[in-house]
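If you want the building blocks of each chain, they are given just below.
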2 protein chains.
Amino acid sequence: MTDVPAEFDRATDVTASGDGTYDADLGAGWVVGGAINGGYLLATLGRALGRTVPGKPDPVAVSAYFVSASTPGPATVTTRVLRDGGSVATLAADVTQGDAHRITALATYGDLSGLPDEVATTATPPDLPPLQRCVGFADAPPGSREQAPPLMSRFDMRFDPASAGWAVGAPSGRGLIQCWFRLPDREPDPLSLLLAVDAMPPVTFDLGMFGWAPTLELTVHLRARPAPGWLRLRHETRNVAGGMFEEDCEVWDAADRLVAQSRQLARTPRA
Amino acid sequence: MTDVPAEFDRATDVTASGDGTYDADLGAGWVVGGAINGGYLLATLGRALGRTVPGKPDPVAVSAYFVSASTPGPATVTTRVLRDGGSVATLAADVTQGDAHRITALATYGDLSGLPDEVATTATPPDLPPLQRCVGFADAPPGSREQAPPLMSRFDMRFDPASAGWAVGAPSGRGLIQCWFRLPDREPDPLSLLLAVDAMPPVTFDLGMFGWAPTLELTVHLRARPAPGWLRLRHETRNVAGGMFEEDCEVWDAADRLVAQSRQLARTPRA
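This text gives an overview of the structure that appears in the document. Quick caveat: nothing in here was measured; it's all calculated off a predicted structure. (Residues numbered from 1 in each chain as written. Chains lettered and ligands numbered in written order. Predicted model: local features only at pLDDT ≥ 70, side-chain atom pairs only at ≥ 80, totals over all residues. Heavy atoms only, no water.)

Another point: the interface of chain A and chain B. The partner chain B presents 51 residues to the 51 residues of chain A that form the contact. Across the interface of chain A and chain B, roughly 4300 Å² is buried in total on both sides, 52% from carbon and sulfur atoms. Of all residues in chain A, Tyr65(A), Arg223(A) and Arg238(A) bury the most surface against chain B, accounting for 18% of the area lost on that side. Seen at the junction of chain A and chain B, the total is four salt bridges. Residue Glu250(B) is joined to Arg238(A) by a salt bridge in which the shortest nitrogen-to-oxygen separation is 2.1 Å. (Contact = heavy atoms within 4.5 Å. Buried area = accessible area lost by both parts, 1.4 Å probe. Salt bridge = Lys/Arg side-chain N within 4 Å of Asp/Glu carboxyl O.)

Once chain A has been moved 0.0 Å along the axis and rotated by 180°, it coincides with chain B to within an RMSD of 0.0 Å. Both chain copies can therefore be described as sitting about a two-fold axis. Judged by C-alpha distance, Ser63(A) is the residue of chain A that lies nearest the rotation axis, at 3.5 Å. By residue overlap, the copies meet face to face through one surface: 100% of the interface positions of chain A are interface positions in chain B. (Least-squares fit on C-alpha atoms with pLDDT ≥ 70 in both.)

Turning our eyes to something else, we now look at the pairing of strand E15 (residues 244–252) of chain A. Residues and elements named next belong to chain A. Counting buried residues along E15, nine of its nine residues qualify, which places the element largely inside the surrounding structure. Residue alternation in E15 divides its side chains into two sets, Met244, Glu246, Asp248, Glu250 and Trp252 and Phe245, Glu247, Cys249 and Val251, and both sets are buried. Summarising the sheet, strand E13 (residues 231–236) and E15 pair through five bridges and their orientation is antiparallel. In the sheet register, Leu233 faces E15, and the bridge partner there is Val251. Two strands pair when backbone bridges link them, and E15 and strand E16 (residues 258–267) are joined in this way by nine bridges, in the antiparallel orientation. (Buried < 20%, exposed > 50% of the residue type's maximum accessible area, 1.4 Å probe, protein only. Helix = DSSP H or I, 4+ residues; strand = E, 2+ residues; numbered from the N terminus. Pairing = 2+ DSSP bridges.)

Of note, Asp256(A) is a non-glycine position whose phi angle comes to about 65°, a positive value. Here Asp256(A) is to be found in the loop between E15 and E16. The class for Asp256(A) is partly exposed, based on a relative accessible area of 47%. At Asp19(B), a residue that is not glycine, the phi angle is positive and equals roughly 55°. The exposed category is assigned to Asp19(B), whose relative accessible area is 78%.

Turning our attention to the state of the cysteines. Per the counting criterion, the structure on display carries zero disulfides over all chains. Among the cysteines around Cys179(A), which has no disulfide bond, Cys249(A) carries the closest sulfur, lying 8.2 Å off. (Disulfide = S-S within 2.5 Å.)

Quick look at helix H2 (residues 38–49) of chain A now. All names here are of chain A. When the terminal C-alpha atoms of H2 are compared, their 16 Å separation across twelve residues agrees well with the 16 Å that a helix rising 1.5 Å per residue should span. Most of H2 sits out of view: twelve of its twelve residues are buried. With a side-chain oxygen lying 3.0 Å from the backbone nitrogen of Gly39, the N-terminal cap of H2 falls on Asn37. (Expected span 1.5 Å × (residues − 1). Polar contact = N/O pair within 3.5 Å; in protein donor to acceptor, adjacent residues only side chain to side chain.)

Moving on, we get to the side chain of Arg186(A). Residue and element names in this part refer to chain A. When you line up the elements, Arg186 lands in the loop between strand E11 (176–182) and helix H4 (190–196). In this structure the side chain of Arg186 is engaged in a polar contact, spanning 2.7 Å, whose partner is the side chain of Asp9. A distance of 3.0 Å separates polar atoms of two side chains, one belonging to Arg186 and the other to Asp189.

Turning our eyes to something else, we now look at the nonpolar core. Grouped together as the largest cluster of nonpolar side chains are 140 residues, with contacts concentrated most on Phe155(A), Phe181(A), Val251(A), Phe155(B), Phe181(B) and Val251(B). Once residues lying within four places of it in the same chain are set aside, the contact partners of Phe155(B) are Trp30(B), Phe181(B), Arg182(B), Leu183(B), Pro184(B), Leu195(B) and Ala199(B). (Core = buried A, V, L, I, M, F, W, Y, C linked by side-chain atoms within 4.5 Å.)

Scanning the model with the defined rule gives twelve aromatic pairs over all chains in all. Here the aromatic rings of Phe205(A) and Phe210(A) are separated by 5.5 Å at their centres, their planes lie at 65°, and the arrangement is edge-to-face. For Phe205(A), a relative accessible area of 18% puts it in the buried group. Measuring from ring centre to ring centre gives 5.4 Å for Phe159(B) and Trp166(B), while their planes differ by 90°; the resulting arrangement is edge-to-face. By relative accessible area, which is 9% here, Phe159(B) ends up buried. On the accessibility criterion, Trp166(B) (14% relative accessible area) is buried. Three or more aromatic residues joined by ring pairs make a cluster, and in this case those are Phe159(A), Trp166(A), Phe205(A) and Phe210(A). (Phe/Tyr/Trp six-rings, centres within 6.5 Å; stacked < 30°, edge-to-face > 60°.)

See below:
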């Protein structure tokens, strides 16, 4: 590692412009399905929120409502402190591009380093084959790499072969995708977990629905600072109804802790 | 049924006072654990939001951040329309009592009657014994009814005996509570689902932690208008860590549809 900031940190950088407002520059490298990836946007607004209240740098809960599709280029993150007291603060953020409202969000921020250590988690980590038996972007068929969205080059994902059939036109039909995940040039931290929960292809790919699945709402809860090393991601859906589906994502760290949980409500892709 | 409004409708009634602001009167009958029940508050602000945009009366997604504990008496619900276009609108609501900020919320509203009919849900309904073999408030030991919080008299809940051990000091330790649920004097509708997702005792009761579990954030997704009849509720937790736990609730209607899903992040009760 050098002193050069990692790609993710450069791309989600924000500059204070006064009164709780921050300037961002949304990178074209984070485009997928004709819009900017939601997790990247969450990390960008999350970085601005982490600077608003001294001593409360970390997201504990963030709920983002996606108002319109963001595009590469300048954006403004406007933050408000709704309440600061005790161990957490309640915050709000809005992302705009010119006159267009892109995202509105609410959040609880605090200090993840200061949380109690007791854990009584009954959830179990993703049942993933070892890293070397999982399939990555480098294993994609010739030709398909060039057609992949730019987002796919921003991180290293190694999919469980049993949940990667969609990549070769043979989805499992279970509504479950899981993988190993890391950023190429830095260790995970709370901000990168905001990216991780929305990094995989929509779980509807595993149901044979390959269109874009626009997110209406995404909420993520963070429970601990992640340990260094690979993360494991699993997301799944159990309720495809009313033209929408829920997508529940879990992020497990190298110390076998369930460090983040998210749920989003998205529109089912049109056939 | 008569023309008299049901208790729930009277208690969640709001009166427009101009500029998207509504007056409410929070009822003492909805107190539990020293504060007003979160589901009741969600339904009250949800009713105000349903009046803001013509043709979009129903909650599709609502995320509420609980800023401070509400108390019985007058309250103000301030609503804002962030975007209205297409089939849904993005809205915001704040609940205040005097100078005190109680709740801040974001929401997607639409018309649940207009959603597509296709369903591909793999989740299964709660495995509940028949109603007559479940235990209700009327079955509570003598003396305990008088000590029960007022909230318990607002609806009819019949618990699965296997997940009701906490009521007699013998929690199962699974972190799962499920029951039949109905309002005594009306059929379910989308607004009453906002109440239902937070009606049961905290799932931590089933883990032997009997204190108050303050909600930091609660998000609910609605997928269909519920059919008339009893609802079935199941909530559970799988990640008790960092001094917090998540509580996932499912609401199933009499037509065997998963009509609502919620997740909340709450503080673990102090021992």
